[in-house]
Amino acid sequence: MSPYVDALRALGIDAAALRLPRGDADRAMGPLREQVGPNMAAAVIGGHSFGGRVASMVAAETPAAGLVLLSYPLHRPGHPEELRVEHWGRITCPVLLLSGDRDQFARVEVLEQSVRGLARAQLHVYPGLRHGLLEVADDVARRIATFVDGL
């Protein structure tokens, strides 16, 4: 997350990388809440891959100002029928999703269909990119900054 955090800070956005325990996403929700603190309703939360999944699960239960999902792990590679979106219908805050069109964890046509289940979502797909977006970290940061400024 460092390249994204650094780029966001350079754009004047107060950003921080949180430490989440690996493994079970449910178990990581508590540490995310603790690190964000009592101002969750005023915070824009999110993350890359697993971190984004955890943040989305928190946003489905606890109001947040916004949610940013980088390379959301929509499904296991090769298993687009096993979606990880059962909680998306409970997310009420604005959501920004950024993904590569070759992401093995999110087939683009399945992602586009799934995003329709979010109340207020913006999706940007980067051509030619897989699960990581570091090659376009500056563009990712600009899109996040624009999203945050619009809240």
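Computed from a predicted structure; not experimentally measured.

> Just checking my understanding: could you explain the overall build of the protein for this structure?
Along the backbone of the protein there are five helices and four strands. Seen in sequence order, the protein has helices and strands lined up from the N terminus as α-α-β-α-β-β-α-β-α. Taking 15 Å as the expected radius of gyration for a compact globule of 151 residues, we find that the protein reaches 14 Å, a close match to that expectation. Counting all 151 residues of the protein, 44% fall into the buried class. Within the protein, contacts between residues separated by at least 24 positions form 62% of all contacts whose residues are at least 6 apart in sequence.

> I tried to follow the side chain of His75 on my own but got confused; where do I start?
Mapped onto the elements, His75 comes out in the loop between strand E2 (66-70) and strand E3 (95-100). When neighbours within four sequence positions are excluded, His75 is seen to be in contact with Pro80, Glu82, Leu83, Arg84, Gln104, Phe105, Ala106 and Arg107.

> I'm lost on the environment of Gly52 in this one. Help?
Its place among the elements puts Gly52 in helix H3 (residues 50-61). Note: C-alpha distance between Gly52 and Gln122 (70 residues apart in sequence) is 15 Å. For Gly52, the contacting residues outside a window of four places in its chain are Gly46, Gly47, Leu69 and Tyr72.

> Honestly, the pairing of strand E1 (residues 44-48) in this entry has me stumped. Any pointers?
Every regular strand shows the same layout, with side chains that alternate between the two sheet faces. Judged by which residues are buried, E1 turns out to be one-sided: Ile45 and Gly47 face inward and are buried, whereas Val44, Gly46 and His48, on the alternate face, are not. Across five bridges, E1 lies against E2 in parallel orientation. Each bridged residue has a counterpart across the sheet, and for Gly46 the counterpart in E2 is Val68. Crossover E1 to E2 through H3 is right-handed.

> Could you clarify how one ought to interpret helix H4 (residues 108-115) in this entry?
Think of an α-helix as turning once every 3.6 residues; residues three or four places apart then point the same way. Within H4, burial applies to Val108, Val110, Leu111, Ser114 and Val115. Relative to the axis of H4, the buried residues are bounded by an arc of 160° and lie together on one face. Residues of H4 that are buried in the fold lie against E3 and strand E4 (121-126).

> Explain the sheet that holds E3 here, please?
Two strands in a sheet stick together by hydrogen bonds in their backbones, pointing the same way (parallel) or opposite ways (antiparallel). Taken in spatial order, the four strands make up an open sheet running E1-E2-E3-E4, and their pairing is parallel. Of all the strands in the sheet, the pair left with one neighbour each is E1 and E4. Mean inter-strand twist for the sheet, computed between neighbouring axes without regard to direction, equals 10°.

> It is not clear to me how the side chain of Arg84 should be interpreted in this structure. Could you clarify?
Here Arg84 is to be found in the loop between E2 and E3. Glu82 provides the closest opposite charge to the buried, salt-bridge-free Arg84, at an N-O distance of 6.5 Å. In this structure the side chain of Arg84 is engaged in a polar contact, spanning 3.1 Å, whose partner is the backbone oxygen of Pro73. Sequence-distant contacts of Arg84, defined by excluding residues within four places in its chain, comprise Arg53, Tyr72, Pro73, Leu74, His75, Arg76 and Phe105.

> I tried to follow the packing of helix H1 (residues 2-10) against helix H5 (residues 137-149) on my own but got confused; where do I start?
Packed helices, taken two at a time, are described by their axes: the angle between them and the distance between them. Between H1 and H5, whose axes approach to 9 Å, the crossing angle comes to 55°. Judged on the interaxial angle alone, H5 and H1 are oblique. The element H1 and its partner H5 pack so that their crossing is right-handed. Where H1 approaches H5, its residues Pro3, Tyr4, Ala7 and Leu8 are matched on the opposing element by Ala137, Asp138, Val140, Ala141, Ile144 and Ala145. Each residue belonging to the contact of H1 with H5 can be placed in one class, and the counts come to nine nonpolar, no polar and one charged.

Calculation rules
- Residues numbered from 1 in each chain as written.
- Predicted model: local features only at pLDDT ≥ 70, side-chain atom pairs only at ≥ 80, totals over all residues.
- Heavy atoms only, no water.
- Helix = DSSP H or I, 4+ residues; strand = E, 2+ residues; numbered from the N terminus.
- Rg over C-alpha atoms; globule rule 2.2 N^0.38 Å.
- Buried < 20%, exposed > 50% of the residue type's maximum accessible area, 1.4 Å probe, protein only.
- Contact = heavy atoms within 4.5 Å.
- Pairing = 2+ DSSP bridges.
- Right-handed = clockwise from strand over helix to strand, strands pointing away.
- Arc of directions from axis to C-beta.
- Axes fitted to C-alpha atoms, helices over the stretch in contact; angles between N-to-C directions.
- Lys, Arg positive; Asp, Glu negative; His and termini not counted.
- Salt bridge = Lys/Arg side-chain N within 4 Å of Asp/Glu carboxyl O.
- Polar contact = N/O pair within 3.5 Å; in protein donor to acceptor, adjacent residues only side chain to side chain.
- Parallel < 35°, antiparallel > 145°, perpendicular 65-115°, else oblique.
- Left-handed = near helix turned anticlockwise from the far one by under 90°.
- Nonpolar A, V, L, I, M, F, W, Y, C, P; charged D, E, K, R; others polar.

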